[in-house]
Amino acid sequence: QLQLVESGGGLVQLGGSLRLSCAASGFTFDYAVMGWFRQAPGKEREGVSCISRSGTITNYADSVKGRFTISRDNAKKMVFLQMDSLKPEDTAVYYCAGASRTSTQTMCVRGGDYWGQGTQVTVSS
């Protein structure tokens, strides 16, 4: 069964930190580009960060560069998003995604083949 399960979302104050985790199963994780996307009510989905199969290539939205860090552990079939210096504009539902036969850049633009259920991140001011 193909599944992506996010965890780690919650409510934090401006300047706080959260670490999102995504556990993958049911597909060949090592051959998948992985990424994090977010969507706030009334706004379009945004590619936050994506990471290549080996982790050697990463992509970040300009809005999160220097504050967020994506990583993956292929042995554990997990991908993470460390979010520091959070701002109210980071408030959104964050989705973990995976994609096969694509580039890291393309995935962050187009989205994934597999999606998690999402986890809410709320940053208060």
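Keep in mind that what you see is a predicted model, and the values were worked out from it rather than measured. (Residues numbered from 1 in each chain as written. Predicted model: local features only at pLDDT ≥ 70, side-chain atom pairs only at ≥ 80, totals over all residues. Heavy atoms only, no water.)

1. Digging into the overall build of the protein
- Each helix and strand in the protein was counted, giving one helix and eleven strands.
- For the protein, the α and β elements follow one another from N to C terminus as β-β-β-β-β-β-β-β-β-α-β-β.
- What you see for the protein is a C-alpha radius of gyration of 13 Å, in line with the 14 Å of a compact globule of 125 residues.
- Contacts in the protein between residues far apart in sequence, at least 24 positions, make up 59% of those at least 6 positions apart.
- Accessible surface computed for the protein: about 6400 Å², of which carbon and sulfur atoms make up 46%.
- Looking at the protein, you have 13 positive and 10 negative side-chain charges, and the mean spots of the two groups are 4 Å apart. (Helix = DSSP H or I, 4+ residues; strand = E, 2+ residues; numbered from the N terminus. Rg over C-alpha atoms; globule rule 2.2 N^0.38 Å. Contact = heavy atoms within 4.5 Å. Areas by Shrake-Rupley, 256 points an atom, 1.4 Å probe, with all protein chains shown as cover. Lys, Arg positive; Asp, Glu negative; His and termini not counted. Charge placed at Lys NZ, Arg CZ, Asp CG, Glu CD.)

2. Focus: the environment of S124
- Mapped onto the elements of the fold, S124 is located in strand β11 (residues 119-124).
- Along the sequence, S124 and G16 sit 108 residues apart, while their C-alpha atoms lie 9.6 Å from each other.
- The contact partners of S124, leaving out residues within four places of it in the chain, are L11, V12, Q13 and L14.

3. Considering the packing of aromatic side chains
- Overall, the coordinates contain four aromatic pairs when judged by the stated rule.
- When the ring of F27 is compared with that of Y114, the centres are 4.8 Å apart and the planes differ by 40°; the resulting orientation is tilted. Taken together, the residues span a long stretch of sequence, with F27 in the loop between β3 (18-25) and β4 (33-39) and Y114 in strand β10 (residues 114-115) at a distance of 87 residues. Residue F27 shares its accessibility class with Y114, and that shared class is buried.
- On the basis of an interplanar angle of 85° and a centroid distance of 6.5 Å, the ring pair of Y95 and W115 is categorised as edge-to-face. Of this pair, Y95 sits in strand β9 (residues 92-99) while W115 is found in strand β10, placing the two residues 20 residues apart along the sequence.
- Judged by its relative accessible area of 31%, W115 falls in the partly exposed class. (Phe/Tyr/Trp six-rings, centres within 6.5 Å; stacked < 30°, edge-to-face > 60°. Buried < 20%, exposed > 50% of the residue type's maximum accessible area, 1.4 Å probe, protein only.)

4. Topic: the sheet that holds β3
- Judged by pairing direction, the sheet is antiparallel, and its four strands sit side by side in the order β1-β3-β8-β7 without closing on themselves. Strands at the two margins of the open sheet, each flanked by one partner only, are β1 (3-7) and β7 (68-73). Pairwise comparison of adjacent strand axes, ignoring direction, gives a mean angle of 15° for this sheet.
- Of the strand pairs in this sheet, β1 and β3 are connected by five bridges, and their pairing is antiparallel. (Pairing = 2+ DSSP bridges. Axes fitted to C-alpha atoms, helices over the stretch in contact; angles between N-to-C directions.)

5. Focus on the state of the cysteines
- Evaluated as defined, the whole model comprises two disulfides.
- Residue C22 pairs covalently with C96 via a disulfide, S to S 2.0 Å. Here C22 and C96 share a disulfide; its torsion about the S-S bond, -80°, makes the bridge left-handed. Separated by 74 residues along the polypeptide, C22 in strand β3 and C96 in strand β9 bring together distant segments of the chain. (Disulfide = S-S within 2.5 Å.)

6. Examining the nonpolar core
- If you look at the biggest cluster of nonpolar residues, it comprises 28 residues, and the most contacted ones within it are M34, W36, L81, M83 and Y94.
- Every element with two or more residues in this core is listed here: β3, β4, β5 (46-51), β7, β8 (78-83), β9 and β11.
- Ranked by residues supplied to this core, first place goes to β3 with four residues.
- Once residues within four sequence positions are removed from consideration, Y94 is found in contact with E6, L20, W36, F37, R38, V48, F68, L81, M83, G118, T119 and V121.
- Grouped together as the second largest cluster of nonpolar side chains are seven residues, C50, A99, M107 and C108 included. (Core = buried A, V, L, I, M, F, W, Y, C linked by side-chain atoms within 4.5 Å.)

Treat this as a map of the structure, not an account of what it does.
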